Each structure stands twice: as C-alpha cells, then as structure tokens.
Amino acid sequence: MSTSTNGAISRSIGASALSLYHLLDPDVLANPYPLFRRLRTEAPVQWDAFLHTWVVTRYVDVLEVLHTFSADRTHTPEKLRSLGLSEISPLAQLMVKQMLFMDPPAHTRLRSLASQAFSPARVAVLRSHIREIVNRLLDSVQNNGQMDIISDLGEPLPAIVTAEMLGVPPSDRQQLKAWSADFAEMLGNFQHNPEHAPRMLRTVQDMTAYFRDTIRRQKDIPQDGLVHSLMTAEVNGDRLSEEEVVANSIVTMVGGLETTTNLIGNGVLTLLRNPQELQRLRDDPSLVPSAVEEMLRYESPSQHTGRLAPEDVELGGKLIRKGQAVMAVMAAANRDPERFPDPDRFDVSRTENRHLAFGYAAHFCFGAALARVEGQEVFEAIIRRLPDLQLQPGPLVWRNNLGLRGLTALPVKFRASHSAN
Ligand code: HEM
C-alpha cells in the first residue's frame, strides 16, 4: 500500500473518528502523540472498528494486558484460509514456533532454553567490543563533518553485533538486514498488503534455508554464538528441534536489528530537538544511561504489540470478550501523565522511569541488556566525538511502519576533527 493511498484511506475514515488507522496518514505517523493523548483521555480502552481490535493506551491497562493476556495470536492455516490469506501460511508456520507468539508452558520452555544461550555476563563482555565497533564506524565519518546517523551508524552497529551474537559471518550482515527489514514490515504493520506477499514468502524461504544451512555447518564446525547455543542448550534433557532453532534465531535477529537502529535514530533526533538536554548530557556524561532510558520512553522504537483476551475480561470499564484481539500501545502508555510527571517533556535525568518500551512480564525483551549497552556506547561516543551536532536541512521521512517507529535517514553535520577517539 503506497503512502498516498494510506493517507487517502485515513482521510476517508474521517478526521474525527478516533482510530489508530490514522497512523496511515504520514502527518500522524510523524507525530502520533496527539492521537495517543486523545485515545488515552477520551477512549482509553476502545473497540477500533476499522482494525477489529481493542486499542489500549493507559499505562495501568497496557501493563495489565502485557501481564495477563495471551500472546498466542498467530492464525492457524484454517483461519488464514477463511480470511482469504492462505498465501501467507508459511509465514504463520514460522511465527508459531517463535517465543514472541507463545504462552506458557511452551513459552517458558523456549525462553529458558534460549536464555541459557544469552546471559547478562555475556552481554557485559560484549561492551568493550561494541565500543570498538562504534569508534570504528565514527572513525570513517569523523573527518567529513557530516554523516547519516541511520546508514553510517544506526544500521551497521546492530547488524554487526547481531551477526556476531548469532555466530554467523558479519560479512552476511547486509543480507540479514534486508531479510529482517521485510519481516519487520509485516510485524509492525496492521494492514495486509497483498502486493508484498510474494516477496515476504521468498524472504521466509531464504531466511529459513540460511539458518538451516548454518545449523548444518555448525554441527561440523561450531561457532561461538546464539545459533550454536540454541542447538546445544539443554534443560532436564529437553532440547530444541531444528525448526525451533531456526524460528528463534530469526526472531532474535529481527528483534536485534530493527529496534536498535530506531533507538539510535530516534534518540539523536530527540536530542537535536531538545538542545538544552543535549548540552546537559555533554556537560555530564554520567547521565548517558538515564538519557537512553528517556529516549526509549519518549520515542519508543516498538510502539505497540498484540495480544488476545484469554477469557471475558473487564478492562477500563469495557467488556473484552474471550479471544478478541487487543493492541497494547506502549508508546501511549509511556506518555501517560498518571505514571510520568510532565510526560511530553524529554528529560535526560528523569528518575523513576519504568517505561514499557521493552514490554513487560513474560515477554519482556530478551535482548534488552544488549540494546541498552549498544545505546549507551553510541550516545557516549556521539557526545564525545561529534561537537556542534546539527540536523541537516530537509524533510524527515519516517519509515512506513506503524509499529516500529524510526526514520529512513537522519543527515547531520558536526565540526570535523582529525583527532583519534
Ligand atoms: C531498543 C531496542 C529494543 C526494543 C525497543 C525492543 C522491544 C521489545 C519489546 C517491546 C518486546 C516485547 C514484545 C511483546 O511483548 O509482544 C521485545 C521482545 C523481544 N525482543 Fe526486543 N527490543 C529491542 C532490542 C532487542 C535485541 C537487541 C534483541 C536481540 C538480542 C531482541 C530480541 C527480542 C526477542 C527475542 C523478544 C521476544 C521475547 C519473548 O517473547 O519472550 N530485542 N522486544
């Protein structure tokens, strides 16, 4: 669906109708927060007739949905057939095996096997390596006095880190990124785009073949990384099947690539729009960790997620029927004044910042510790190495993705320097 068609659909719904469908309008996508504010105050738990889902926007209600509702929301092949969507059945078959779309006990089993492979100690070891990669990427642009934050830093950093974390060759990273972008387009959007289905299916086939091949090769020559750890992880004699290793390597790859780029891009943009806060950070770099949390709250890279009601539930005075779809809008909850004083103010030293940008409860982001380290290293290096940072003139273009919020490009200039890091 093209952007102009999206805009026309959104307008045809009517400007006053309170629906998340308005995100299809590029102006709303550029600044969704007034729409979220209206939803939170006028209809915090709302049946969205255009999307056929409940939309939940207040912090307490989003917390409740993430805590107690079902994540097992992938359509069965029969259901897809009844919706006329059988063509995307291979995609659904992959998603069913991913931890993101499972409830206990299947989720608990998968998550505990996967977390054996991804300990916080391992992430801590990665920190100095991540610092090296960030510095290498900045070395190649520092003399130019200008760069695109997305293509020069935001995309390559997580692509290199994710390839290494998986234990696949970092030279494959552009291919991984292209697959991941396709998958993310489907994950983040709620409109089905029949024109994109053939490409999506090819991507699923190619990614699956790539990880099957990786598994086969690593049986002979193990590589340090998540794929091999998933192949060998064992809890009480229980192991993952090859299909499970493939599906969860893919969900981790997409999780690692798409959102971290957006944390970097959205974070730099927010600092540039709030120069006093950027100056505070330059004056006191010990604020970098709290600044990264504030970036996650203020411009959440992952704006919403889906669940199903596990039974008839009353939420915010509304009766949600068993099996009905619910969209929990973390980005709206993260601006809820009931939870965050002065929520539309970006404050790099905000304390008590228990945002929901990484989700909550059982599905709390598996890679949060890694994403935090990447964000902290990037912003520490940016304030140290890029003086007089400014936006280049020109329009900002947001990715055509309603759930994974990020820019297509972010050209900036700064005072060029020849100093080493
Ligand atoms: C700024 C960066 C990131 C953000 C904002 C983010 C956000 C999220 C959110 C909101 C969820 C929960 C979704 C839900 O409940 O439906 C999630 C889950 C997940 N994330 Fe992240 N993520 C980030 C980075 C990463 C990284 C670096 C990895 C890989 C190492 C990763 C892998 C995953 C996985 C595998 C899950 C599924 C966990 C489960 O279902 O138990 N994410 N992430």
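Residues numbered from 1 in each chain as written. Predicted model: local features only at pLDDT ≥ 70, side-chain atom pairs only at ≥ 80, totals over all residues.

*Asks:* Help me get a handle on the site of the ligand, residues and values and all.
*Replies:* Not every one of the 23 residues close to the ligand is listed here, only the nearest: Gly-255, Thr-259, Gly-359, Cys-365 and Gly-367. Secondary-structure elements contributing two or more residues to the shell around the ligand are helix 14 (242–273) and helix 18 (368–385). Its residues placed into classes, the shell around the ligand shows 12 nonpolar, 10 polar and 1 charged. (Near = placed C-beta within 6 Å. Helix = DSSP H or I, 4+ residues; strand = E, 2+ residues; numbered from the N terminus. Nonpolar A, V, L, I, M, F, W, Y, C, P; charged D, E, K, R; others polar.)

*Asks:* Account for the sheet that holds strand 8 (residues 390–391), with residues named and values stated.
*Replies:* Within the open sheet, the 3 strands sit side by side as 3-9-8. Their pairing is antiparallel. Of all strands in the sheet, those with a lone pairing partner are strand 3 (146–148) and strand 8, marking the two edges. Of the strand pairs in this sheet, strand 8 and strand 9 (residues 411–413) are connected by 2 bridges, and their pairing is antiparallel. By the bridge assignment, Gln-390 is partnered in strand 9 with Lys-413. (Pairing = 2+ DSSP bridges.)

*Asks:* Describe the sheet that holds strand 4 (residues 305–308), with residues and values.
*Replies:* An order of 1-2-7-4 is seen for the 4 strands of this open sheet, with the pairing classed as mixed. Bordering the open sheet on either side are strand 1 (45–48) and strand 4, each of which pairs with just one other strand. Direction aside, neighbouring strands of the sheet carry axes that sit 30 degrees apart on average. In the packing of helix 4 (residues 59–68) onto the sheet, the strands contacted are strand 1, strand 2 (53–56), strand 4 and strand 7 (325–328), and the crossing angle to strand 7 comes to about 125 degrees. (Axes fitted to C-alpha atoms, helices over the stretch in contact; angles between N-to-C directions. Contact = placed C-beta atoms within 7 Å.)

*Asks:* Residue-level account of the packing of helix 14 against helix 16 (residues 288–298), with values.
*Replies:* In the contact formed by helix 14 and helix 16, the axes pass within 9 Å of each other and the chain directions differ by 100 degrees. The angle between helix 14 and helix 16 falls in the class roughly perpendicular. Each of Leu-263, Asn-266, Gly-267 and Thr-270 in helix 14 lies in contact with helix 16, whose residues at this interface are Met-295, Leu-296 and Tyr-298. Along the lines of polarity and charge, the residues of the contact of helix 14 with helix 16 split into 4 nonpolar, 3 polar and no charged. (Parallel < 35°, antiparallel > 145°, perpendicular 65-115°, else oblique.)

*Asks:* Please give an account of helix 18 that cites residues and values.
*Replies:* End to end, helix 18 covers 25 Å across 18 residues, agreeing with the expected 26 Å (1.5 Å per residue, within 8%). If you follow the buried residues of helix 18, they end up packed against helix 8 (120–142), helix 9 (149–154), helix 10 (156–166), helix 14, helix 15 (275–283) and helix 16. (Expected span 1.5 Å × (residues − 1).)

*Asks:* Talk me through the nonpolar core; I want residue IDs and the actual numbers.
*Replies:* One recurring pattern in soluble globular proteins: nonpolar side chains tend to sit buried together. Grouped together as the largest cluster of nonpolar side chains are 107 residues, with contacts concentrated most on Val-56, Val-62, Ile-250, Val-326, Ala-328 and Val-329. Top element by residues in this core is helix 14. It accounts for 12 residues. In contact with Val-62, other than residues within four places in its own chain, are Val-56, Ala-328, Val-329, Met-330, Ala-333 and Leu-356. (Core = buried A, V, L, I, M, F, W, Y, C linked by C-beta atoms within 7 Å. Buried ≥ 20, exposed ≤ 12 C-beta atoms within 10 Å, placed from the backbone.)

*Asks:* Please provide a residue-by-residue account of helix 14, values included.
*Replies:* Under the 1.5 Å per step criterion, the end-to-end length of helix 14 is 47 Å for 32 residues, consistent within 8% with the ideal 46 Å. Summarising burial for helix 14: 25 of the 32 residues are buried, a large majority.

*Asks:* Describe the pairing of strand 1, with residues and values.
*Replies:* Examined bridge by bridge, strand 1 and strand 2 share 4 bridges and lie antiparallel to one another. By the bridge assignment for strand 2, Trp-47 is matched with Trp-54.

*Asks:* Residue-level account of the pairing of strand 4, with values.
*Replies:* The side-chain alternation of strand 4 yields one buried face, formed by Thr-305 and Arg-307, and one unburied face, formed by Gly-306 and Leu-308. Across 4 bridges, strand 4 lies against strand 7 in antiparallel orientation. Bridged to Arg-307 within strand 7 is Val-326.

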